[in-house]
Amino acid sequence: MDKVTEEEYQQVEDRNRKSVHGGLSGDSSCIGLGEVLGLYGELGGDAREALANIRQKPVELRRNQKVFSLCEGRADIFVVKEGWASLSHATSTRGQDICNVFMPGDIIGMRESFFESHDIVILSLTNCKLEKVSVDDLHELLKTNEEVRKAITSYVMVNDNITIERLRSCTHHRSEERVAHFLLEVYARFNFKGLLTGNVFSFPVTQDVVGELLGMTSVHVSRCMTALEQKKLIRKTRSSIKLLKPEEMARNTGFDRDFIYGHLCLG
């Protein structure tokens, strides 16, 4: 069936309560720094114990709440346990433009924490549960633990690949293909974390946010979503997306999952 059934919708809402093979536990309380970095590099018991001992603090954000993050000249680091958030880079000469979105199992501010005076602004797109990680503790650990250093490097490189793929789409494709490409990106990110068992995924991102990421107006995003539905490529609800023909969408948009994840070295 093409439609998002009630059962599929409920599965999306309950997905984070389940554990699936090869990825993160669906239980948000089990999503932590060690579990996330373990997807990007092989971590032994000592490395995981060291990561667990890093100072961390739970943070809860209401929808549309902003956090201005700067930790002694370096950005704070947050693990997303529940919800969705966006990140902007704020400077004195530029406004706050959304440059990325984050979902459960992502780490906000990891790359930025290696730069001085790199302010970031986090906006919660939904109610969020985050874990604030001590930047000093983590940076001290990566100096002495090779496994942690490799996992952090892999995490940063994979997320740079995601950004490169999105930029390539925005500079080479028409608007409809750019929207389809972004939906495939989100789908691939969920799959990599092991948080999907089908083609339906949570998507509580507004058309305004999608438009800002892809260089389009929200009205244009809406038209592209409608066109993709009319072509029977997707079905959408208020907060979820079902991909009906992901392989065809990948051919049409040139989406390259292997460029992002296929050659990730976990050694």
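Thresholds, definitions, all that
- All chains use their own residue numbering, which begins from 1 and follows the written sequence.
- Given that this is a predicted model, residues contribute local features only at a pLDDT of at least 70 and side-chain atom pairs are listed and counted only at 80 or more, while totals for whole chains, interfaces and linings are drawn from all residues.
- Working from all heavy atoms in the structure, the side-chain values ignore hydrogens and water.
- Strands here mean DSSP runs of E at least two residues long; helices mean DSSP runs of H or I at least four residues long; both are numbered from the N terminus.
- Partly exposed describes any residue whose relative accessible area lies between the buried limit of under 20% and the exposed limit of over 50%, with all areas from a 1.4 Å probe on protein chains only and scaled to the type maximum.
- We call two residues in contact when some of their heavy atoms are within 4.5 Å.
- Helix axes are fitted to C-alpha atoms over the stretch in contact, other axes to C-alpha atoms as well, and angles between N-to-C directions run from 0 to 180 degrees.
- Between 65 and 115 degrees an angle is taken as roughly perpendicular, under 35 as roughly parallel, over 145 as roughly antiparallel, and anywhere else as oblique.
- In this scheme the crossing of two helices becomes right-handed for a clockwise turn of the near helix relative to the far one and left-handed for an anticlockwise turn of less than a right angle.
- Each residue gets one of three labels, nonpolar for Ala, Val, Leu, Ile, Met, Phe, Trp, Tyr, Cys and Pro, charged for Asp, Glu, Lys and Arg, and polar for the others, Gly among them.
- The definition of a nonpolar core used throughout is a set of buried Ala, Val, Leu, Ile, Met, Phe, Trp, Tyr and Cys residues joined through side-chain atoms within 4.5 Å.
- DSSP-based pairing: two strands are paired if at least 2 bridges between them are found.

- With an unreviewed UniProt entry as reference, the protein chain is termed Crp/Fnr family transcriptional regulator, source organism Vreelandella piezotolerans.

### Here we look at the overall build of the protein chain
Then, in step 1: Counting secondary structure elements, the protein chain contains ten helices and eleven strands.
Then, in step 2: Here the protein chain holds 267 residues, and the buried ones make up 51% of them.
Then, in step 3: Of the contacts formed within the protein chain by residues at least 6 apart in sequence, a portion of 73% connects residues at least 24 apart.

### Points about the packing of helix H5 (residues 146-172) against helix H6 (residues 175-192)
Then, in step 1: Running from amino to carboxyl end, H5 crosses H6 at an angle of 165 degrees, the nearest separation of the two axes being 9 Å. Between H5 and H6, the crossing angle belongs to the class labelled roughly antiparallel. Helix-helix and strand crossings are classified by hand; for H5 and H6 the assignment is right-handed. On the side of H5, the interface is formed by Ile162, Glu165, Arg166, Arg168, Ser169 and Cys170, while H6 contributes Glu177, Arg178, His181, Phe182, Glu185 and Arg189.
Then, in step 2: Of the residues assigned to the contact of H5 with H6, the class counts are three nonpolar, two polar and seven charged.

### Considering the nonpolar core
Then, in step 1: In this structure, Leu37, Leu138 and Phe203 are the most contacted members of the largest nonpolar core, which totals 78 residues.
Then, in step 2: At ten residues, H6 tops the list of elements feeding residues into this core.
Then, in step 3: Residues in contact with Phe203, not counting those within four places in the same chain, are Trp84, Phe182, Leu183, Val186, Val210, Met225, Arg238, Ser239, Ser240 and Ile241.

### Let's talk about the sheet that holds strand E6 (residues 107-108)
Then, in step 1: Strand order in the open sheet formed by four strands is E1-E8-E3-E6, and the pairing between neighbours is antiparallel. On the outer flanks of this sheet lie strand E1 (56-61) and E6, each paired with one strand and no other.
Then, in step 2: Note: E1 against strand E8 (residues 128-133), six bridges, orientation antiparallel. Following the sheet pairing, Gln56 is matched in E8 by Val133.

### Re the packing of H6 against helix H8 (residues 218-230)
Between two packed helices, the angle of one axis relative to the other and the distance separating the axes together describe the packing.
Then, in step 1: Remark: H6 packs on H8, axes separated minimally by 9 Å, with the N-to-C direction vectors making an angle of 75 degrees. When the axis of H6 is compared with that of H8, the two are roughly perpendicular. Of H8, the residues touching H6 (which contributes Ser175, Glu176, Val179, Ala180 and Leu183) are His220, Cys224, Met225, Ala227 and Leu228.
Then, in step 2: Each residue belonging to the contact of H6 with H8 can be placed in one class, and the counts come to seven nonpolar, two polar and one charged.

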